[in-house]
Amino acid sequence: MRVLWGKTHVSDYGKPEHKRRILKRKPKLGIWTGKRGKVRHSLKRKFIRLKLQVGQLNGNVSELNVRVNTLQTQVSQLAAQTAAKPQPPSPPAQAPGTGAGTGAGTTTGGNAVQHTGKTNDSLTRGGGGAQDSLENANARITALHQLVDGILRQVNSQQRQIDDAFSNINALRQQVQQYTGPEEEYEGLITLLTPLLNTSITIDTAAGPIFGTLVAIGLDYIEIVEPDGSIVLIPFDQVLSVS
Amino acid sequence: MDFEQRLSAFIGRSIEVIFTNQFLQGQILNVFDETFVVQAESSNYIPEPRQVTVVSNNVIFVRIPQ
C-alpha cells in the first residue's frame with residue numbers, strides 16, 4: 001500500500017545514544033613525556049655515571065690505603081732492624097807470652113801486638129761496612145716516608161674528588177626534585193622494605209597473602225620469588241601489609 | 001625501574017595476572033606506559049582465547065611461573 005499523503009515524521013526521542021558522536025578526549029599523558037622525559041633521562045644517565053665514578057674512586061682509595069699500610073709496616077721493620085743492629089765486638093785482650101823463654105815471649109808478644117793490630121784494622125774495616133749499610137737503611141727509610149706522604153696526598157685528593165662528586169649528586173637530586181615536586185610517596189615503604197631484601201616475607205594483598213623471598217624493590221613495585229621459583233611482581237599500591 | 005619496565009623484561013613469557021575479582025593467564029605480548037597486552041587463554045573468566053589490554057593500576061599482582 002502506498003502512502004499518498006501524511007505528516008512528515010518528527011522524532012520525539014532524539015538521536016540514539018550509540019549514534020551520537022563521542023568527543024575524543026586527549027589521551028592522558030604521564031608527567032614524564034616530551035621535554036620532561038628527556039631531562040629525566042639525561043639526569044638519570046648523569047646519576048648512573050656519577051655512581052660509577054664514585055665506585056671507582058672508592059676502589060682506588062681502598063687500594064691506596066692497602067699500599068700505605070704495607071709501606072708503613074716495611075718502614076717500621078726497617079726502623080726495628082737499624083735499632084737492633086749489634087755493636088762491633090771489643091778487641092780481644094791478648095796477654096804477651098810468659099814462662100819459658102823471654103825471647104820467645106817477646107816474639108809471641110810482638111806477634112800478639114801485630115795480631116791485635118790486624119784485628120783492629122779488620123774491625124775498623126768491618127765497622128765501616130756496617131755504617132754504610134746503616135746509612136743506606138736510613139736513606140731508604142726517608143725515601144719510603146716520602147713515598148707514603150705522596151700516597152697520602154693522593155688519597156686526600158681522591159677523597160676530595162669523592163666529596164665533590166657527592167655534592168654534585170645532591171645538586172642534581174635537588175634539580176630533579178624541582179621537576180618531580182616533593183619526595184616520592186613510596187619512600188616510607190621503600191625504607192621499610194630495604195632492610196628486608198633477600199629475606200622471607202609475607203605480603204598481604206586484596207587477593208590474598210604472598211609468601212616468598214624479597215629480591216628487588218623497584219620505583220613502584222616489589223619483586224618476590226616464591227618457594228617454587230615463580231616470580232611475583234606486586235605494585236606498591238596493592239600492598240596491604242608486610243610481615 | 002618501574003613496574004612496566006620490569007614487566008617488559010618478561011614479554012613473550014607466560015604470566016598470571018590477578019585482579020580483585022578476576023584471574024587472567026596467558027602470554028605477555030606488549031607493555032605500554034600504563035597498560036600491557038596479554039594473549040589470554042580460555043578460562044572460567046574468559047571463555048575464548050583473546051587479547052586483553054590490562055590497566056596496570058588495577059592489577060593486584062602478577063606472577064611469572066618458572
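What you see is a predicted model; the values in this text were computed from it and never measured.

> Give me the overall build of chain A: which residues, what numbers.
Helix and strand counts for chain A come out as three helices and five strands. Along chain A, from the amino end to the carboxyl end, the secondary structure elements read α-α-α-β-β-β-β-β. In chain A, which comprises 243 residues, the proportion classed as buried is 21%. Counting only contacts in chain A whose residues sit at least 6 apart along the sequence, the fraction spanning at least 24 positions is 51%.

> Got a sec to walk through the packing of aromatic side chains? Specific residues and values, please.
Under the definition given, this model contains one aromatic pair over all chains. Here Tyr 221 of chain A and Phe 3 of chain B contribute two aromatic rings whose centre-to-centre distance is 6.2 Å and whose plane-to-plane angle is 65°, an arrangement assigned as edge-to-face. On the criterion of chain membership, the pair formed by Tyr 221 of chain A in strand E3 (residues 221–225) and Phe 3 of chain B in helix H1 (residues 3–8) is interchain, its members lying in two chains. Both residues of the pair, Tyr 221 of chain A and Phe 3 of chain B, count as buried.

> Residues and numbers for unusual backbone geometry, please.
Residues and elements named next belong to chain A. Even without a glycine there, the phi angle at Asn 198 is positive, about 60°. Relative to the helices and strands, Asn 198 resides in the loop between helix H3 (187–193) and strand E1 (200–205). Relative accessible area serves as the criterion here: at 60%, Asn 198 is assigned to the exposed category.

> Residues and numbers for the pairing of E1 of chain A, please.
Residues and elements named next belong to chain A. What you see with E1 is a clean split: Ile 201, Ile 203 and Thr 205 sit on the buried side and Ser 200, Thr 202 and Asp 204 on the side with no burial. Summarising the sheet, E1 and strand E2 (residues 208–217) pair through six bridges and their orientation is antiparallel. Note on E2: the bridge partner recorded for Asp 204 is Pro 209. In this structure, the hairpin formed by E1 and E2 is closed by a connection of two residues. In this sheet, strand E5 (residues 241–242) lies alongside E1 in antiparallel orientation, the contact comprising two bridges. Note on E5: the bridge partner recorded for Asp 204 is Ser 241.

> If you had to explain the pairing of strand E1 (residues 14–18) of chain B to someone new, which residues and values would you point to?
Residues and elements named next belong to chain B. With respect to burial, E1 is a largely interior element, four of its five residues being buried. With five bridges joining them, E1 and strand E2 (residues 23–31) adopt antiparallel strand pairing. Pairing of Val 17 across the sheet is with Leu 24, part of E2. Between the end of E1 and the start of E2, which pair antiparallel, lie four residues. Bridging between E1 and strand E5 (residues 61–64) involves three bridges; their strand directions are antiparallel. Its bridge partner lying in E5, Glu 16 is registered against Arg 63.

> Before we move on, could you go through the side chain of Gln 238 of chain A and cite the residues and values that matter?
Looking at the element boundaries, Gln 238 of chain A is found in the loop between strand E4 (231–235) and E5. What makes Gln 238 of chain A buried here is its relative accessible area of 15%. Not counting the four nearest positions on each side in its chain, Gln 238 of chain A is found in contact with Asp 204, Thr 205 and Ala 206 of chain A together with Asn 57, Val 59 and Ile 60 of chain B.

> Requested: an account of the nonpolar core, with residues and values cited.
Ranked by size, the top nonpolar core spans 21 residues in total, and within it Leu 233 of chain A together with Leu 7, Val 17, Leu 24, Phe 36, Val 54 and Val 62 of chain B carry the most contacts. Elements supplying a minimum of two residues to this core: E4 of chain A together with H1, E1, E2, strand E3 (35–40), strand E4 (50–55) and E5 of chain B. Among all residues touching Val 62 of chain B, those that are not within four sequence positions of it are Ile 231, Val 232 and Leu 233 of chain A together with Phe 3, Leu 7, Ile 15, Glu 16, Val 17 and Phe 36 of chain B.

> A description of the sheet that holds E4 of chain A should follow, citing residues and the corresponding values.
Strand order in the open sheet formed by ten strands is E5(A)-E1(A)-E2(A)-E3(A)-E4(A)-E5(B)-E1(B)-E2(B)-E3(B)-E4(B), and the pairing between neighbours is antiparallel. Only two strands of the sheet have a single partner each, and these edge strands are E5 of chain A together with E4 of chain B.

> Can you explain the confidence of the model for chain A? Please cite residues and give values.
Taken over all residues, the pLDDT of chain A has a mean of 76, while the share at 70 or more is 70%. Below pLDDT 50 for its whole length, residues 92–124 of chain A participates in eleven contacts with residues either more than four positions away or in separate chains.

> Explain the interface of chain B and chain A residue by residue, including any values.
Often, the extent of an interface is quoted as the loss of accessible area upon association of its parts. At the junction of the two partners, chain B supplies 17 residues and chain A supplies 19 residues. Roughly 1700 Å² is buried in total at the junction of chain B and chain A, and carbon and sulfur atoms are behind 56% of that figure. Its largest share of buried area at the contact with chain A, chain B owes to Phe 3, Ile 60 and Phe 61 of chain B, together 31% of the area lost on that side. The interface formed by chain B and chain A holds two salt bridges in total. With a closest N to O distance of 2.5 Å, Glu 223 of chain A and Arg 6 of chain B form a salt bridge. Across the contact surface, chain B and chain A share eight residue pairs in polar contact (both at pLDDT 80 or more). Along the lines of polarity and charge, the residues of the side of chain B that touches chain A split into twelve nonpolar, two polar and three charged. As paired strands, E4 of chain A and E5 of chain B are joined by three bridges and run antiparallel to one another. In the sheet register, Val 232 of chain A faces E5 of chain B, and the bridge partner there is Arg 63 of chain B.

Rules and cut-offs
- Residues numbered from 1 in each chain as written.
- Chains lettered and ligands numbered in written order.
- Predicted model: local features only at pLDDT ≥ 70, side-chain atom pairs only at ≥ 80, totals over all residues.
- Heavy atoms only, no water.
- Helix = DSSP H or I, 4+ residues; strand = E, 2+ residues; numbered from the N terminus.
- Buried < 20%, exposed > 50% of the residue type's maximum accessible area, 1.4 Å probe, protein only.
- Contact = heavy atoms within 4.5 Å.
- Phe/Tyr/Trp six-rings, centres within 6.5 Å; stacked < 30°, edge-to-face > 60°.
- Pairing = 2+ DSSP bridges.
- Core = buried A, V, L, I, M, F, W, Y, C linked by side-chain atoms within 4.5 Å.
- pLDDT = per-residue confidence, 0-100.
- Buried area = accessible area lost by both parts, 1.4 Å probe.
- Salt bridge = Lys/Arg side-chain N within 4 Å of Asp/Glu carboxyl O.
- Polar contact = N/O pair within 3.5 Å; in protein donor to acceptor, adjacent residues only side chain to side chain.
- Nonpolar A, V, L, I, M, F, W, Y, C, P; charged D, E, K, R; others polar.

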